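In case you want the letters, here they are:
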Amino acid sequence: MDKHPIFVKASEPILKDIIRTLSQMFGEVIVESFFRDKVVYITRNVKRNEVFLVTRTLDHVVVDYLKGRIRREPYSLGIFLGQIIDGEYRVSIDIAEKLFLKARRNAIMINEHAASLFLYGRDVMLKSIIKVYPPLFKITVVINELEDVLGLCKLTVKPKDLLVESRSKNKIVCKNIIDKGWYLRKGH
Amino acid sequence: MLNFKLPFKTFKVGLKYTTPSFEARTLAEKYGFLPYMVERYIKMFGNIEEVEELLKTTGKGLTKSIRCNILKIECNNLLKRLKSKGLKLKNIPWVNTGYWVLEGGEKLGYLHEYLFGYYFIQGAPSMVPPLELNPSPNDVVLDMCAAPGGKTTHLAELMGNKGVILAVDISRSRMKTLRSNISRMGVANTVLLKMNSKELGNYGEFFTKILLDAPCTGEGLLPIDASRKEKTQLQDLFKMASRQLELLKSAIKALKPGGTLVYSTCSIAPEENEFVINEILNLFKNVSVENLSIISRFGVKGFTEVFGIRLRDELAKCYRVYPHKHEMEGYFICKLIKKG
C-alpha cells in the first residue's frame, strides 16, 4: 500500500520531459507560454508519481503555509499534468484540454455516436473520424462535433493513414487512453 | 439527565424550551417528526399554521438548479445546448450563472455537458455564500469544509481561476470527489488539503477571506430528505453546534485582520446558527456582523430573540431561507468581519 505522497519540485529532466511531450502535442510556443512563471510539483513516496502545474502564488502558499507553518502535504494542487509511470510521462486530460483549446492541433473530431461510445471507454474506428486537426502526435485529443474535449487516445496507425479511403472503415485507429466518462466511473 | 454539555458559555441556554407541548406532540405524531423539533418550530414561527406548512414540505422535493461554469463555457451556449436536450431552464434572479431546471432535472447527472464540467448541480441557496464572500483574484481564500466542491468551484470562477483557494476537508472519500470536481470544472487555483479544519486556527492569521459552510444537522433539507424529521436527537443538535463553534473559532483565528468570513449552514435550527454567531460575537470583541447583499433580497432576517433567549441585535444582519416560504432548502448565512 502506498504511503502518503510527499510533494516536491520536479527535477529538471522530468520538467524537460513533460515540456517536450506537450510541445510535440501542442507546439512549443503555446506550451512554453503556458508554463511560464509556473512551478511543477511531483509526488514522491508513492508508486505512481503524479505531476501538477502551479502558479507562483499557489507555490507560495504551499511553501510558506502548508509545508512551513502547518507541516502538511497537499492532497492535490493546481492543474493535474498527469503521471510519471516507469519513467515515462503520461499526459492528463486536464492539461491536454487547456492546451488544445489554445493550440487547436493534435486532435481528431469524431461523430456523435462514436463520441457517446468513447465516453464509455470505447476506441475510435476510422469511419467515426470526421475531421483531423494536424499535426497529429501518437497521443491525440478526441473531440466531438462541437469541439468539446472527450479524452485522449493512442493512434494505432500513421496519421496519414487516417485519410486513406481504401482502409477498412471499421478498423480501430485510436485506442482510448482516458475519457471524461472516467469522472463518473472512477474519479481521482 | 442529559449526557452532554451545552457549548454556549457566554449566554444562558436552558433546555426547557425543547419540552414538547400537547400541540407539538400532536403535530409530531401526525407528520412523523421528533416532538422536540416541532416544539421548537412552534416557538420559532409563533403560529401553528406556519409550522404545519413547514412540516408539509417534508419529502415533497424541490426544483433542481444548476450553476453554469463560466471557466469553461458561455452560459448562453450552455442554455442552447440544454434546451436542445429537452431541459427547460429559468434564470435564478440573484445569481447570474444560476438556473432553475423546470423540466428535465432527472437528466442532469447524465448529460455530456455535465461530464465536460459545463455546470454544477447545486441547490440555489448554496450559490449564495461564495457571492456574499465576493473573492477577488488577489485574495487568499480558505474554504474550510470544501467537499464536494460546489462552493470551491464557484469561488474559483468568481476569482477568474486566479489567486489561491485552500480547500480543506476532513474526509478521504469526500476529498476524492472534491478533486474530481475540481478537475472536471477546470479549476486551477486550488490547493486541496485533507485535515480537520478546526486545527487551522493554531497556525496564525493567513487568509484574507474564509468560507465556512459548516457541517450541520441538515434540518433545512426536509423537502429532499424526509429522514431528517427523526434523525437528529437533541444531543446530536448540540454536539453539532459544538463542532460548528470550534470550526468558527478556528476560522476567526486564521483570518487576517480586515478579512471577511462567511458562515453558512443548510440548517434552520437557531442552535446551529444564531446561537453560534452570538457566542462568537461575545468571545471575539474584534469581530462584527456585516450586511449581506444577495440573500437579503429574498431571505428572512436572523433571530435576535428566540425560544425566550435574547441574542445580540447584529444577528438581524444574518439571513435565513425556509422551505415553506422560499421553495428552496432551508439555509442560514452570516457575514463576519475581523477588525484590523
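Residues numbered from 1 in each chain as written. Chains lettered and ligands numbered in written order. Predicted model: local features only at pLDDT ≥ 70, side-chain atom pairs only at ≥ 80, totals over all residues.

Asks: What am I meant to see in the overall build of chain B here?
Replies: Summing up its helical and strand segments, chain B has eleven helices and 15 strands in all. At 20 Å, chain B has a C-alpha radius of gyration in line with the 20 Å of a compact globule built from 340 residues. On the principal axes, the C-alpha backbone points of chain B span a range of 55 × 50 × 35 Å. Within chain B, the proportion of its 340 residues that are buried is 51%. (Helix = DSSP H or I, 4+ residues; strand = E, 2+ residues; numbered from the N terminus. Rg over C-alpha atoms; globule rule 2.2 N^0.38 Å. Buried ≥ 20, exposed ≤ 12 C-beta atoms within 10 Å, placed from the backbone.)

Asks: Help me out: how do you make sense of the overall build of chain A in this one?
Replies: A count of helical and extended segments in chain A gives six helices and twelve strands. Here the C-alpha atoms of chain A give a radius of gyration of 18 Å, agreeing with the 16 Å that 2.2 N^0.38 yields for 188 residues. Buried residues in chain A amount to 38% of all 188 residues.

Asks: Help me understand the sheet that holds strand E7 (residues 107–110) of chain A, please; the structure alone is not making it clear to me.
Replies: Two modes of strand pairing occur in sheets, parallel and antiparallel, and in both the strands are linked by backbone hydrogen bonds. All names here are of chain A. With mixed pairing, six strands are arranged side by side in an open sheet as E8-E12-E11-E10-E7-E9. Each edge of the open sheet carries a strand with a single partner, namely strand E8 (124–125) and strand E9 (129–133). The pairing of E8 with strand E12 (residues 172–179) spans two bridges and is classified as antiparallel. Across the sheet, Met125 pairs through a bridge with Ile172, a residue of E12. (Pairing = 2+ DSSP bridges.)

Asks: How do you make sense of the packing of helix H1 (residues 22–31) of chain B against helix H2 (residues 35–45) of chain B when you look at a structure like this?
Replies: The angle between the axes and the distance between the axes are what describe a pair of packed helices. Residues and elements named next belong to chain B. Where H1 contacts H2, the axes come no closer than 8 Å and their chain directions differ by 120 degrees. Taken together, H1 and H2 sit at an angle that is classed as oblique. H1 and H2 meet at a crossing whose hand is right-handed. Along its contact with H1, which presents Glu23, Ala24, Arg25, Leu27 and Ala28, the element H2 presents Pro35, Val38, Glu39 and Ile42. Partitioning the contact of H1 with H2 into residue classes produces six nonpolar, no polar and three charged. (Axes fitted to C-alpha atoms, helices over the stretch in contact; angles between N-to-C directions. Parallel < 35°, antiparallel > 145°, perpendicular 65-115°, else oblique. Left-handed = near helix turned anticlockwise from the far one by under 90°. Contact = placed C-beta atoms within 7 Å. Nonpolar A, V, L, I, M, F, W, Y, C, P; charged D, E, K, R; others polar.)

Asks: Please clarify how the interface of chain A and chain B should be interpreted in this entry.
Replies: Where the parts come together, the accessible area they lose is often given as the size of the interface. In this complex, chain A contributes 25 residues to the contact, which on the side of chain B involves 25 residues. Elements with a minimum of two residues in the side of chain A that touches chain B: helix H3 (56–70), strand E4 (76–77), strand E5 (79–85) and helix H6 (182–185) of chain A. Tallied by class, the residues present in the side of chain A that touches chain B amount to 14 nonpolar, six polar and five charged. One ladder, built from two bridges, connects E4(A) with strand E7 (residues 190–194) of chain B; its direction is antiparallel. Its bridge partner lying in E7(B), Leu77(A) is registered against Val191(B).

Asks: Looking at this structure, how should I read the pairing of strand E2 (residues 88–91) of chain B?
Replies: On a regular strand, one side chain projects to one face of the sheet and the next to the other, so that they alternate. Residue and element names in this part refer to chain B. In the sheet, E2 pairs with strand E3 (residues 98–103) via four bridges, with the strands oriented antiparallel. Within E3, the position partnered with Asn91 by the bridge is Tyr99. Connecting E2 to the next strand, E3, in antiparallel fashion are six residues.

Asks: Just checking my understanding: could you explain the sheet that holds E5(A) for this structure?
Replies: Residue and element names in this part refer to chain A. The strand order E1-E2-E3-E5-E6 describes an open sheet built from five strands, whose pairing is antiparallel. Each of the sheet's edge strands pairs with one partner strand only, and the pair in question is strand E1 (6–9) and strand E6 (88–91). The sheet shows a mean angle of 30 degrees between the axes of neighbouring strands, taken without regard to direction. Alignment of E1 against strand E2 (residues 38–44), held across four bridges, turns out to be antiparallel. Bridging from a neighbouring strand, Val8 pairs with Ile42 of E2. In the packing of H3 onto the sheet, contacts are made with E2 and strand E3 (49–55), and the angle to E3 comes to roughly 115 degrees.

Asks: Where do I start with the pairing of strand E1 (residues 64–68) of chain B in this structure?
Replies: All names here are of chain B. Taken across its five residues, E1 has four buried, putting it largely inside the fold. Pairing geometry for E1 and E3, over four bridges, is antiparallel. Across the sheet, Arg67 pairs through a bridge with Gly98, a residue of E3. Examined bridge by bridge, E1 and strand E4 (residues 119–121) share three bridges and lie antiparallel to one another. Looking at E4, one finds that Cys68 is bridged to Tyr119.

Asks: What is the right way to look at unusual backbone geometry in this model?
Replies: Trans peptide bonds make up the majority, and among non-glycine residues the majority have a negative phi. In this structure, the amide linkage connecting Pro134(A) to the following residue, Pro135(A), adopts the cis form with an omega of -5 degrees. Mapped onto the secondary structure, Pro135(A) falls in the loop between E9 and strand E10 (139–143). Of the consecutive residues Ala147(B) and Pro148(B), the connecting peptide bond is found in the cis state with omega at 5 degrees. Non-glycine residue Glu327(B) carries a positive phi angle of around 55 degrees. Locating Glu327(B) in the fold gives a position in the loop between helix H11 (323–326) and strand E15 (331–338).

Asks: Help me understand the environment of Thr57(A), please; the structure alone is not making it clear to me.
Replies: Relative to the helices and strands, Thr57(A) is located in helix H3. The class of Thr57(A) is partly exposed, set by 15 C-beta atoms lying within 10 Å. For the pair Thr57(A) and Ile70(A), spaced 13 residues apart in sequence, the C-alpha to C-alpha distance is 18 Å. Non-local contacts of Thr57(A), meaning those with residues more than four positions away in its chain, are made with Gly163(B) and Val164(B).

Asks: What should I look at first to understand helix H10 (residues 274–283) of chain B in this one?
Replies: Helical geometry note: an α-helix holds 3.6 residues per turn, so side chains three or four residues apart project in the same direction. Residues and elements named next belong to chain B. Here H10 lies mainly inside the structure; seven of its ten residues are buried. Residues Glu274, Phe275, Val276, Ile277, Asn278, Glu279 and Ile280 constitute the buried set of H10. Buried positions along H10 lie against helix H9 (234–254), strand E9 (255–265), strand E10 (287–290), strand E12 (305–306) and E15.

Asks: How should I be thinking about the environment of Tyr322(B) in this particular structure?
Replies: Residue and element names in this part refer to chain B. Structurally, Tyr322 can be placed in the loop between strand E14 (319–321) and H11. Separated by 146 residues in the primary sequence, Tyr322 and Lys176 place their C-alpha atoms 31 Å from one another. Excluding its chain neighbours within four sequence positions, the residues that come into contact with Tyr322 are Leu54, Ile268, Val300 and Gly330.

Asks: Just checking my understanding: could you explain the confidence of the model for chain B for this structure?
Replies: Low-pLDDT portions of the prediction should not be read for the details of their coordinates. Residues with a pLDDT of 70 or more make up 99% of chain B, whose mean pLDDT is 96. Overall fold confidence (pTM) sits at 0.96, and the ipTM for the predicted complex is 0.94. (pLDDT = per-residue confidence, 0-100.)

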